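Understanding the architecture of this molecule
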Amino acid sequence: MRTISIINQKGGCGKTTVAINLTAALSELAKRVLLVDLDPQAHATIGLNINYDDSEYTTYDLLKNPRVKLADAVVQVDDDLFLVPSSPVLSAVEHELAGVHGRELKLLSKISRHPEEYDYIIIDSPPNIGLLTFNALMATKEVLIPVDPSYFSLNGLQKLKETLTLLEKETKHRVKVNVLLNNLEKRTAFVRDVVGEVDRLCNAEVLDTTISHSVRFKEAALRGIPIFKMSKVDRLQREFLSLAKEIDSRASVIDTEGIDDWMVRLHGPRRIKEGVLFVLDAPNARSVYLTGEFNNWVRDGIRMEKDENDGIWKVVLDLEPGEYEYRFIVDGVWIKDPSNTDSVLNEFGQENSLLIV
Ligand SMILES: Nc1ncnc2c1ncn2[C@@H]1O[C@H](COP(=O)(O)OP(=O)(O)OP(=O)(O)O)[C@@H](O)[C@H]1O
Ligand SMILES: [Mg+2]
């Protein structure tokens, strides 16, 4: 599975238009695709004619409620096209999660539990660099940045690249950048200058495919359909198919070195062949035990072993599907799993980590 976040803090550069039509183009190529609407404006939701008031769960619930799984929030839009709708309440999440540990990893933790279900997950993000965009960035190894030809776009692109560099420095999370020139009118001198400047700034990251300017995109958005459901838009369909193929063919050149280590450390328990692997990064601890609902909270129940190669404590449990609260006991001290962003309050007012198998 590949996850691609569509980001640009500049408003109106075409993020949602590209998100909807790239998702549709990939599904035309027989890929199973999920579009996650991570913008409280809910334009991708509206643009696919889904009414968020009819949805039991939206991206808000996905980020806020550890018990809501990705599958709970998915709506089927077409044969191979699925959506997690957004709604305006998502704008409250930034405030509600302020100060919460791991708040920028909420989406990643939901997505990474179902890697086999989709060929692609496309994330549409809002026009600012806040908690939602950070969730979109942390959930992915690659971003697609639509750029429309304007002075502000160039300025925004430069800022965005600085933000990505900073992110890598602070979290070691590196994303591959693809830049897409969108909304190109016929090649005036100004457009040529902007394209030249984008090339200079981003060089090999600029995709060969470009998307033309056309009023039919507005019409498609109004009708709540991708351009593949419209007639007499052959050129636009060709451009988006070409974008989908170009992105699909670039799969092999994505450099993921180092990222998987990072995922293990920040990811809490994950499924491996033998069962569910629990990890704790505590190189100086003398003993670590795992306890939880799976062993009736017996203290000293499940002893973890330190892997001398990386100093990480590990144990693998064979667990039936279900929900489990658990904690670690490190040198006698009970702690929640610092690598798991999902937790619930227990009867003592402390946090138990929550695992959904
Ligand atoms: N290639 C294009 N040709 C013509 N109009 C376009 C094109 N791409 C986008 N638009 C129009 O520009 C407007 C903004 O596009 P869109 O909503 O996709 O941008 P956005 O980056 O998602 O905006 P926001 O930052 O608010 O989320 C829409 O009315 C859309 O129809
Ligand atoms: Mg948008």
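Bear in mind that the values here come from a model prediction, so they are computed numbers and not experimental data.

All right, on to the overall build of the chain then. Across its full length, the chain holds 12 helices and 18 strands. Computed over its C-alpha atoms, the radius of gyration of the chain comes to 22 Å, within 12% of the 21 Å expected for a compact globule of 357 residues. By its C-alpha atoms, the chain is 70 × 45 × 35 Å across when sized along the principal axes. The buried share among the 357 residues of the chain stands at 40%. Excluding contacts between residues fewer than 6 apart, the proportion of contacts in the chain whose partners are at least 24 apart in sequence is 74%.

It is worth spelling out the site of ligand 1 at this point. Inspection of the region around ligand 1 gives 19 residues, with Gly-11, Lys-15, Thr-16, Thr-17 and Pro-127 positioned closest. Among the elements of the structure, helix 1 (15–28), strand 7 (176–184) and helix 10 (216–223) are those that each provide at least two residues to the shell around ligand 1. Residue composition of the shell around ligand 1, by class: 5 nonpolar, 11 polar and 3 charged.

Pairing is mixed in the open sheet, where 8 strands are placed in the order 3-4-2-5-1-6-7-8. Two strands bound the open sheet, and with one partner strand each, they are strand 3 (75–78) and strand 8 (206–212). On average, adjacent strands in this sheet sit at an angle of 25 degrees to one another, irrespective of strand direction. Pairing of strand 7 with strand 8, which is carried by 3 bridges, proceeds in the parallel orientation. By the bridge assignment, Leu-184 is partnered in strand 8 with Ser-212. Running at roughly 165 degrees to strand 5 (residues 120–124), helix 1 makes contact with strand 1 (2–6), strand 2 (33–37), strand 3, strand 4 (81–84), strand 5, strand 6 (142–147) and strand 7 of the sheet.

The next subject is the pairing of strand 6. Among the 6 residues in strand 6, 5 count as buried, and that is most of the element. Bridge analysis of strand 1 against strand 6 gives 3 bridges, and the strand direction is parallel. Counted as the bridge partner of Ile-6 is Leu-144 from strand 6. Looking at chain direction, strand 6 and strand 7 are connected through 6 bridges and run parallel. Residue Ile-145 lies in a different strand from strand 7, and its bridge partner there is Val-179. Traced from strand 6 through helix 8 (residues 151–171) to strand 7, the parallel crossover comes out right-handed.

One recurring pattern in soluble globular proteins is that nonpolar side chains are buried together. Counting residues in each nonpolar core, the largest one holds 69 residues, and the members touching the most others are Leu-22, Val-33, Leu-34, Ile-122, Ile-145 and Leu-180. Among the elements that take part in this core, helix 1 stands out by supplying 7 residues, more than any other. Dropping the residues within four chain positions of it, Leu-180 is found in contact with Val-18, Leu-144, Ile-145, Pro-146, Val-147, Leu-207, Ile-211 and Leu-243. With 12 residues, the next largest nonpolar core counts Phe-278, Val-288, Tyr-289 and Trp-313 among its residues.

To continue, consider the domain arrangement of the chain. When cut into domains, the chain gives domain 1 (2–253) and domain 2 (268–356). If you average the C-alpha positions of domain 1 and of domain 2, the two centres end up 35 Å apart. If you look at the interface, domain 1 gives 6 residues, while domain 2 gives 6 residues. Of the residues that constitute the side of domain 1 that touches domain 2, the class distribution is 2 nonpolar, 2 polar and 2 charged.

Another point: helix 8. The terminal C-alpha atoms of helix 8, which comprises 21 residues, lie 31 Å apart, in line with the 30 Å expected from a rise of 1.5 Å per residue. Three or more residues of helix 8 are buried, namely Ser-153, Gly-156, Leu-157 and Leu-160. Taken around the axis of helix 8, the buried residues stretch over an arc of 105 degrees, which confines them to a single face. Seen from the buried face of helix 8, the exposed residues on the opposite side, beyond 90 degrees, are Tyr-151, Asn-155, Glu-162, Thr-165, Leu-166, Lys-169 and Glu-170. Turning to helix 8, the residues buried within the fold contact strand 6 and helix 9 (189–202).

Although it is not a glycine, Asn-183 adopts a positive phi angle of roughly 65 degrees. One can find Asn-183 in strand 7. The class for Asn-183 is buried, based on 22 C-beta atoms found within 10 Å. With a phi close to 60 degrees, Asp-300 is a non-glycine residue in the positive phi region.

Parameters and conventions
- Residues numbered from 1 in each chain as written.
- Chains lettered and ligands numbered in written order.
- Predicted model: local features only at pLDDT ≥ 70, side-chain atom pairs only at ≥ 80, totals over all residues.
- Helix = DSSP H or I, 4+ residues; strand = E, 2+ residues; numbered from the N terminus.
- Rg over C-alpha atoms; globule rule 2.2 N^0.38 Å.
- Buried ≥ 20, exposed ≤ 12 C-beta atoms within 10 Å, placed from the backbone.
- Contact = placed C-beta atoms within 7 Å.
- Near = placed C-beta within 6 Å.
- Nonpolar A, V, L, I, M, F, W, Y, C, P; charged D, E, K, R; others polar.
- Pairing = 2+ DSSP bridges.
- Axes fitted to C-alpha atoms, helices over the stretch in contact; angles between N-to-C directions.
- Right-handed = clockwise from strand over helix to strand, strands pointing away.
- Core = buried A, V, L, I, M, F, W, Y, C linked by C-beta atoms within 7 Å.
- Domains from an automatic or database assignment.
- Expected span 1.5 Å × (residues − 1).
- Arc of directions from axis to C-beta.

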